[in-house]
Amino acid sequence: MPTLSLFTLAYLLSLLLFHSQAELPWVWHSINQQIGSTNTVLLAWAGLCFLLGQQSGVCKSKTETIIWIALGLVTAQLCAGVQAAAHQQAQIPLHCNKQIIESEFKLIEKAFRDKGSQTWIVQHTPHNPQTLSACLKPGARLQIFIEKADAYTSLLPGQHFKASIRIKPPKAPLQLAGFDVHRHWFANQIAGTAQLKSGIQILLTDTPTNPVVWMERLRLHIANWIVYTLQDHPEQGLVLAMVVGDQGLISVEDREMFNNTGIAHLVAISGLHITLFAMLAGKGMGLLWRRSAWLCLRIPAPLAGSAFGLLFALLYGLVAGWGVPAQRTVFMLFALFVGQLRGGMQSSWDTFFLALFLTLAFDNWAVLDAGFLLSFGAVAALVFVTQGHIHVIKPQHEFIANAFKAQYSVTIALLLPCAVLFNQQSIISPVANALSIPWMSFVSTPLALLGGLLQQTWAALLAADSLALQRNWLSAFNELSWAALPIHNQPGWINILVALGSIILLLPPGIISRWIGLALVALLAWPAPRPAENDFWMTAMDVGQGTAIAIQTRNHLLIYDAGPAFNERSNSARRVLLPWMAAHNYRHADLFVLSHDDADHSGGAPLFITKAPPLKFASSIPGNHPLYELATQKRSAIENCHRMNNWTWNGVLFEPIGLDTPADAPHKLLAKNNQSCVLKVSNSLHSVLLTGDIEAISEMQLLIQHGTEKLHSKVLLVPHHGSKTSSTLPFLQAVRPEIALIQAGWKNQFGHPHRQITERYESSNIEVFNTAQNGAMKWTFGHNNPNPQPIHASEARQRYWHMHESSAKAHQD
């Protein structure tokens, strides 16, 4: 086997093993402290290049094979280990949360966001030793959200400035599955987030000579021009993404449409576009090169054209932000160029593994990016089928046959990755891509690049108009009920069988029956796990400061509250609740209970009702509330939670504990918090009491109206997130819980849970769990098992890039 391919496979496997670690071994911290991460990586790669230079390219014995496998495994661990240790050391410690630091910083990057806002990446560069802080290390990178970015247009990448900022460690909500923002921060070397607490003072520095800085300034200049030129055009965000790779202005609705129609890979910088324009640039240079006999005698025209095309691809990739698809494409073109230099003595697999090797060597965290799996998975499938391994049809028209073969191969190869990453597979994708690929490749993208790079207004407007025309057929496709096939999460053994089925479908005919491959792939439709009869499962989602809970029985789903929504992007329904339902194969809930109309409970409700209309909607909100009108439009039955009767689902009893509030009741009792819907869920051995934001006066009224036995529960959702206005001692003595669950944001502004409250629970020998420390939690309540079975995201998904507090009962003063 070729040495490079063997080493790259071992390196990739070692990286996957490295990134699955819960904690970082001490040895990497020791090496980083003694030698430094940069020196270690350079030394490792220098030694490897020397060894590769001594090889003929093929392992000639088993001993050499073992040596190269071991070398790949060790090199990956060493390079990733010391870099991870260096970044861990740079991260803001948890105890430094909300500390205000006044120091000097350097702007690395600006990215555009909605409503004139931006996200900055800055680097801490203190020049005065007196500004050094134990909370913020020199060189640490921070992500800062700037709400009114127009005030700072004079600040350019590479410039230094002085400012006062409030820092926050890289700590965010963590779900049991799905996107992990902590991993994203760590992979991009973000040590924490920050907020400007003052204006900025731009410092005078020497003109930068770093070409990366000038490239970033060019990107920002182009982006500013596009944003200004297309400020009133609905396709502004898409043009910006196509030219400079900044997707911050693409609306969430458009992202969903692109995913449903399967053209998301065309939205930002596509490897297909880079390859196409590199090929055109190379062909053009080759034609010019052939006009000079003197040049052709020194460097052949095809080689000169390929070199220019590679340079063009590199510049295009840098302008586009140098994402994983751009890296993969540029490295793939470089590998093809190397094969050309070698006189064609290089197979397609050699090219593939060289590009894979360069991508991993450049960024040890690229393997964690979804784009890495999709990009290299698609290319691997295309290489496999173009090596004579498969003939789907007997081609009469070679172009059409090859296009069909490529689309078929990529669709089959990416079926499992799309199911795992996005919980869906676009059915309309082949048709949408057949229309959009040529349209965007030969019309929209050239016009967008011409307009953006040369600042030609007419070209930018034509590009935007062409994308508006494309929106017509994409919108029509997206409205089809069958456009995307939802695929829920499956256990690992099914995913392995599905992967095997995909390989069978790509094998040559006659080796293994295609029907076997189809049968294995069809396992993606295997029913999602459900509780047994008389059992119920409860998932307390981590939505920060807010509440969102799912109760599952064998055939039914209840959703209790929908969490907060700060804007259309930061919406708990979109980020947490709806993805959870898709992952568990639910199209709608049987009942959606909204405890009351507080933003941290009801913020996600409008979107949730719109996207997944429940069969019934129950709440304590007034009868003329817009949510009732929305639910009625979506054909959901309406009911007041305080007037509901008991019901049973699959042997599980649901008891709404209504509050009878007379007209002359105290004003405080009529407040939204105290009108929260209270619900008890129980089977023969377990019971859970969901309490919303009730306070002391409501707790006492519930005791008076329903008595202690009605309230007694094994598990209590702590009222009002642990506020000191709730969880009175008489109430706790009536409920007599063994377990208390708190849904609160980490170090939230309200101080929930309050120290006095947590001490009250602890003194009563009640075990307390908090999403702020435990992440999302799933509890299994079996009718034949007296002990609830918990799964905590902080344990189930623990990786070395997470920062956790040691105590699950941490409180705030």
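Residues numbered from 1 in each chain as written. Predicted model: local features only at pLDDT ≥ 70, side-chain atom pairs only at ≥ 80, totals over all residues. Heavy atoms only, no water.

Asker: Would you take a moment to explain the side chain of histidine 601 for this structure?
Answerer: Secondary-structure assignment places histidine 601 in helix H23 (residues 599–602). By relative accessible area, which is 0% here, histidine 601 ends up buried. Looking at histidine 601, its side chain comes within polar contact range of the side chain of serine 595, at 3.5 Å. In this structure the side chain of histidine 601 is engaged in a polar contact, spanning 3.0 Å, whose partner is the side chain of aspartate 693. (Helix = DSSP H or I, 4+ residues; strand = E, 2+ residues; numbered from the N terminus. Buried < 20%, exposed > 50% of the residue type's maximum accessible area, 1.4 Å probe, protein only. Polar contact = N/O pair within 3.5 Å; in protein donor to acceptor, adjacent residues only side chain to side chain.)

Asker: Looking at this structure, how should I read the packing of aromatic side chains?
Answerer: When we look at a pair of aromatic rings, we describe it by the centre distance and by the angle of the planes. Counted according to the given criterion, the structure contains 31 aromatic pairs. Relative to phenylalanine 353, the ring of phenylalanine 352 lies with its centre 5.3 Å away and its plane at 80 degrees, an arrangement referred to as edge-to-face. For phenylalanine 352, a relative accessible area of 6% corresponds to the buried category. Under the relative-accessibility criterion, phenylalanine 353 is labelled buried at 12%. Both rings, one in tryptophan 439 and one in tryptophan 473, keep their centres 6.1 Å apart while their planes meet at 80 degrees; by these two values the pair is edge-to-face. Remark: tryptophan 473 occurs in helix H19 (residues 457–478) and tryptophan 439 occurs in helix H18 (residues 429–454); sequence separation between them is 34 residues. (Phe/Tyr/Trp six-rings, centres within 6.5 Å; stacked < 30°, edge-to-face > 60°.)

Asker: I keep staring at the packing of helix H10 (residues 271–289) against H18 and nothing clicks. Help me out?
Answerer: Helix-helix packing is characterised by the crossing angle of the two axes and by the distance between the axes. One can describe the packing of H10 onto H18 by two numbers: an axis separation of 11 Å at closest approach and a directional angle of 70 degrees. By the angle between their directions, the pair H10 and H18 is classed as roughly perpendicular. As H10 packs across H18, the resulting crossing turns out to be right-handed. Facing Leu272, His273, Leu276 and Phe277 of H10, the residues of H18 in contact are Ile437, Met440, Ser441, Phe442, Thr445, Pro446 and Leu449. Its residues assigned to classes, the contact of H10 with H18 shows eight nonpolar, three polar and no charged. (Axes fitted to C-alpha atoms, helices over the stretch in contact; angles between N-to-C directions. Parallel < 35°, antiparallel > 145°, perpendicular 65-115°, else oblique. Left-handed = near helix turned anticlockwise from the far one by under 90°. Contact = heavy atoms within 4.5 Å. Nonpolar A, V, L, I, M, F, W, Y, C, P; charged D, E, K, R; others polar.)

Asker: Please clarify how the pairing of strand S11 (residues 557–560) should be interpreted in this entry.
Answerer: The side chains of a regular strand alternate between both faces of the sheet. Taking every second residue as pointing to the same face, both faces of S11 are buried, with Leu557 and Ile559 on one and Leu558 and Tyr560 on the other. Summarising the sheet, strand S10 (residues 549–552) and S11 pair through four bridges and their orientation is antiparallel. In the strand pairing of S11, alanine 550 is matched with isoleucine 559. Between S10 and S11, which pair antiparallel in sequence order, lie four residues. As paired elements, S11 and strand S12 (residues 591–594) share three bridges and run parallel to each other. Bridge pairing in S12 places tyrosine 560 opposite valine 593. Crossover S11 to S12 through helix H22 (residues 572–583) is right-handed. (Pairing = 2+ DSSP bridges. Right-handed = clockwise from strand over helix to strand, strands pointing away.)

Asker: Where do I start with the sheet that holds strand S19 (residues 715–717) in this structure?
Answerer: Backbone-to-backbone hydrogen bonds pair the strands of a sheet. The strands run either parallel or antiparallel. Taken together, seven strands build an open sheet; the order of strands is S15-S16-S17-S18-S19-S20-S21 and the sheet is mixed. Only two strands of the sheet have a single partner each, and these edge strands are strand S15 (647–649) and strand S21 (767–770). Sheet twist, expressed as the mean angle between neighbouring strand axes with direction ignored, is 20 degrees. Bridge count between strand S17 (residues 679–682) and strand S18 (residues 687–690): four bridges; the pairing is antiparallel. For lysine 680, the partnering residue across the bridge sits in S18 and is leucine 689.

Asker: Explain the state of the cysteines to me, please; I cannot follow it from the model alone.
Answerer: The term disulfide refers to a covalent linkage connecting the sulfur atoms of a pair of cysteines. Going through the model one piece at a time under the given rule, you end up with two disulfides. Each disulfide pairs two cysteine sulfurs, and for cysteine 96 the partner residue is cysteine 135, the sulfurs being separated by 2.0 Å. Looking down the S-S bond of the cysteine 96 and cysteine 135 bridge, the torsion is -75 degrees, so its handedness is left-handed. Taken together, the positions of cysteine 96 in the loop between helix H4 (62–90) and strand S1 (100–112) and cysteine 135 in the loop between strand S2 (118–124) and strand S3 (141–146) put the pair 39 residues apart, joining distant regions of the chain. The side chain of cysteine 641 participates in a disulfide bridge whose partner is cysteine 677; the two sulfur atoms lie 2.0 Å from each other. Across the S-S bond linking cysteine 641 and cysteine 677, the dihedral sits near -85 degrees, which makes this disulfide left-handed. (Disulfide = S-S within 2.5 Å.)

Asker: Looking at this structure, I do not really get the environment of phenylalanine 750. What am I missing?
Answerer: Mapped onto the secondary structure, phenylalanine 750 falls in the loop between strand S20 (739–742) and helix H28 (755–763). When the C-alpha positions of phenylalanine 750 and alanine 241 are compared, they lie 38 Å apart, and in sequence the two are 509 residues distant.

Asker: So what exactly am I meant to see when it comes to helix H26 (residues 696–711) here?
Answerer: An α-helix turns once every 3.6 residues. As a result, residues three or four positions apart point the same way. Between the first and last C-alpha of H26 there are merely 15 Å, a value that for 16 residues lags more than 12% behind the 22 Å anticipated at 1.5 Å per step. In H26, a bend of some 85 degrees at glutamine 705 exceeds every other bend along the element. Taken together, the buried positions of H26 are occupied by Ser698, Glu699, Leu702, Leu703 and Leu711. Close packing links the buried residues of H26 with S17, S18 and helix H27 (729–735). (Expected span 1.5 Å × (residues − 1). Bend = angle between axes of the 7 residues up to and from the residue.)

Asker: I keep staring at the packing of helix H1 (residues 3–18) against helix H14 (residues 348–362) and nothing clicks. Help me out?
Answerer: As a packed pair, H1 and H14 sit with axes 9 Å apart at the nearest point and diverge in direction by 40 degrees. Here H14 runs oblique to H1, going by the angle between their axes. As for the relative orientation of H1 and H14, their crossing is left-handed in sense. Contact residues: H1 offers Leu4, Ser5, Phe7, Thr8, Leu9, Tyr11, Leu12 and Leu15, while H14 offers Asp350, Phe353, Leu354, Leu356, Phe357 and Leu360. For the contact of H1 with H14, a count of residues per class yields 11 nonpolar, two polar and one charged.

Asker: Mind showing me how you'd approach the sheet that holds S11 here?
Answerer: Strand order in the open sheet made by the eight strands is S14-S13-S12-S11-S10-S9-S22-S23, with mixed pairing throughout. With partners counted over all chains shown, the strands left at the sheet margins are strand S14 (637–640) and strand S23 (789–792), one partner each. Strand-to-strand, the axes of this sheet are offset by a mean angle of 15 degrees, without reference to chain direction. Its contacts with the sheet place helix H25 (residues 626–633) against S12, strand S13 (616–619) and S14, and it is angled at close to 150 degrees to S14.

All quantities given are derived from atomic positions and should not be read as evidence of function.
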